[in-house]
Amino acid sequence: GTTAVKYGTMRSNIHSLTTILPNGTIAHCGSNTLKSSAGYDVTSLMTGSEGTLGIITSIAVKLHPIPTHVVAAICSFDTVQEAANAVTMMKMCDVPVARCELLDGTSVAAFNNYVSRQGSGSSGSGETSMPVKPTLFLEFTGHSETSVQEQVDATKAICIDCGGGGSSNEEKNNNQDLSFKIATSESERK
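In this text the structure is predicted, and so the values were computed from the model without any measurement.

Novice: Requested: an account of helix H3 (residues 42-49), with residues and values cited.
Specialist: For H3, the full list of buried residues reads Thr43, Ser44, Met46, Thr47 and Ser49. Where the residues of H3 are buried, they touch helix H2 (10-13), strand S1 (14-20), strand S2 (26-30) and strand S3 (55-61).

Novice: Could you give me a rundown of helix H4 (residues 80-92), with the residues and numbers involved?
Specialist: Its 13 residues give H4 an end-to-end C-alpha distance of 18 Å, which sits within 8% of 18 Å, the value for a rise of 1.5 Å per residue. All of the buried residues along H4 are Ala83, Ala86 and Met90. Along the axis of H4, the buried residues cluster in a sector spanning 55°; they form a single face. Exposed and oriented more than 90 degrees from the buried face of H4 are Gln81, Lys91 and Met92.

Novice: Just give me the short version of the environment of His143, but keep the residues and values in it.
Specialist: Tracing the chain through its elements places His143 in the loop between strand S6 (135-142) and helix H6 (145-161). In this structure His143 comes out as exposed when scored by relative accessible area, which is 51%. Sequence spacing of His143 and Thr68 is 75 residues, and the spatial spacing of their C-alpha atoms is 5.1 Å. What His143 contacts, discounting residues up to four positions off in sequence, is Pro65, Ile66, Pro67, Thr68 and His69.

Novice: Give a detailed account of the pattern of salt bridges, specifying residues and quantitative values.
Specialist: By the definition in use, this model includes two salt bridges. Here Glu139 makes a salt bridge to Arg99, at a shortest N to O gap of 2.8 Å. Here Glu139, found in strand S6, pairs with Arg99, found in strand S5 (residues 97-103); they are 40 residues apart in sequence, far enough to count as distant. The exposure class assigned to Glu139 is buried, which follows from its relative accessible area of 17%.

Novice: Before we move on, could you go through the sheet that holds strand S7 (residues 180-183) and cite the residues and values that matter?
Specialist: Spatially, S5-S6-S4-S7 is the arrangement adopted by the four strands of the open sheet, whose pairing is antiparallel. In this open sheet, the two edge strands, each paired with only one partner strand, are S5 and S7. Taking each pair of neighbouring strands and ignoring which way they run, the sheet shows an average axis angle of 15°. Pairing geometry for strand S4 (residues 69-76) and S6, over eight bridges, is antiparallel. Bridged to Ala72 within S6 is Glu139. Sitting on the sheet, H4 is in contact with S5 and S6, with an inclination near 20° to S6.

Novice: I'd like a description of the nonpolar core, backed by residues and values.
Specialist: Judged by nonpolar contacts, the single largest core of 18 residues is most densely connected at Phe77, Ala86, Met90, Leu136, Leu138, Phe140 and Cys159. Within the residue set of this core, elements represented by two or more residues are S4, H4, S6 and H6. The greatest single-element share of this core, amounting to four residues, is contributed by H6.

What counts and what doesn't
Residues numbered from 1 in each chain as written. Predicted model: local features only at pLDDT ≥ 70, side-chain atom pairs only at ≥ 80, totals over all residues. Heavy atoms only, no water. Buried < 20%, exposed > 50% of the residue type's maximum accessible area, 1.4 Å probe, protein only. Helix = DSSP H or I, 4+ residues; strand = E, 2+ residues; numbered from the N terminus. Contact = heavy atoms within 4.5 Å. Expected span 1.5 Å × (residues − 1). Arc of directions from axis to C-beta. Salt bridge = Lys/Arg side-chain N within 4 Å of Asp/Glu carboxyl O. Pairing = 2+ DSSP bridges. Axes fitted to C-alpha atoms, helices over the stretch in contact; angles between N-to-C directions. Core = buried A, V, L, I, M, F, W, Y, C linked by side-chain atoms within 4.5 Å.

Here's what the structure looks like:
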């Protein structure tokens, strides 16, 4: 899902599991230790098969702490290439993004259409639609406001350098970041 950018996929979060195979055999694979390199990676095979090779009856997973501070951001770009370049730069600069999702202009238009049919804005602020442009949806998490704000500031600078955060020269000249928005409260993030 969208949190794979920070926490990894399901495969990397499962330490061990127990499966009942189609012939009735109970198979235990993996270990509760962090490192194990003996033999084939049957745990990943069973996880990736999503139940087609057997019924998973128990799983030992990694636990991650619940972050105390969460900030969401939305940034629009003129092209999908600019948005992809921004994500690449975030990864290269090791910005710890918790969630990252890219919608192209067609998807944003479909979202706007859905919201208009529901009769409510996309947020509680009275805004009824988003610009029909490629858009990144980002989430940052941490255990202090300062660390999360540093992540947001670094990402905003990267997005602006890659062409996001306001497309018209007038917006850029007036330092109006009309296309880079953040939400800090839970109600704003919904």
